Amino acid sequence: MTDAVCARPVATIMMMVFFSGLALDIAVPAAVLSAMASLKWLVENWPATNDLSFDHKAETA
């Protein structure tokens, strides 16, 4: 096997690893930021049915 025959698959694998690393470098922070935004929205819009008893006690005291 010559060096040219070995070099082409090795170069292809190295490029695949490099570009998959770039994709993960973008995808992981995007997924984390999306999860954080979803949790923030969920906390801000959580139904306040459980808090009614506490509000009522504070008003009557």
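It should be noted that the structure appears before, not after, this text.
Given the structure is predicted, the values throughout are model-derived calculations rather than measurements.

K.L.:
Could you give an account of the overall build of the chain, with specific residues and numbers?
P.N.:
Secondary structure summary: the chain contains two helices and zero strands in total. For the chain, the accessible area works out to roughly 5,700 Å², and carbon and sulfur atoms hold 74% of it.

K.L.:
Just give me the short version of the packing of aromatic side chains, but keep the residues and values in it.
P.N.:
Going through the model one piece at a time under the given rule, you end up with one aromatic pair. Ring centres of Phe18 and Phe19 lie 5.1 Å apart, and the angle between their planes is 75 degrees; on these two criteria the pair is classed as edge-to-face.

K.L.:
Lay out a nonpolar patch on the surface in plain terms, naming residues and giving numbers.
P.N.:
A cluster of nonpolar side chains, contributed by Leu24, Val28, Val32, Leu33 and Met36, occupies part of the molecular surface with about 490 Å² of accessible area. Following the sequence through the fold, Val28 ends up in helix H1 (residues 3–44). Relative accessible area serves as the criterion here: at 47%, Val28 is assigned to the partly exposed category.

K.L.:
Which residues make up the pattern of salt bridges, and what values go with them?
P.N.:
Summed over all chains, the structure comprises one salt bridge. In this structure, Lys40 and Glu44 form a salt bridge, with 3.0 Å as the shortest nitrogen-oxygen distance. In this pair, Lys40 and Glu44 both sit in helix H1, four residues apart, roughly one turn of the helix. An identical accessibility class is assigned to Lys40 and Glu44; each is exposed.

Criteria and thresholds
Residues numbered from 1 in each chain as written. Predicted model: local features only at pLDDT ≥ 70, side-chain atom pairs only at ≥ 80, totals over all residues. Heavy atoms only, no water. Helix = DSSP H or I, 4+ residues; strand = E, 2+ residues; numbered from the N terminus. Areas by Shrake-Rupley, 256 points an atom, 1.4 Å probe, with all protein chains shown as cover. Phe/Tyr/Trp six-rings, centres within 6.5 Å; stacked < 30°, edge-to-face > 60°. Patch = residues over 30% accessible without salt bridge, like charges linked within 9 Å, V, L, I, M, F, W, Y side chains within 5 Å. Salt bridge = Lys/Arg side-chain N within 4 Å of Asp/Glu carboxyl O. Buried < 20%, exposed > 50% of the residue type's maximum accessible area, 1.4 Å probe, protein only.

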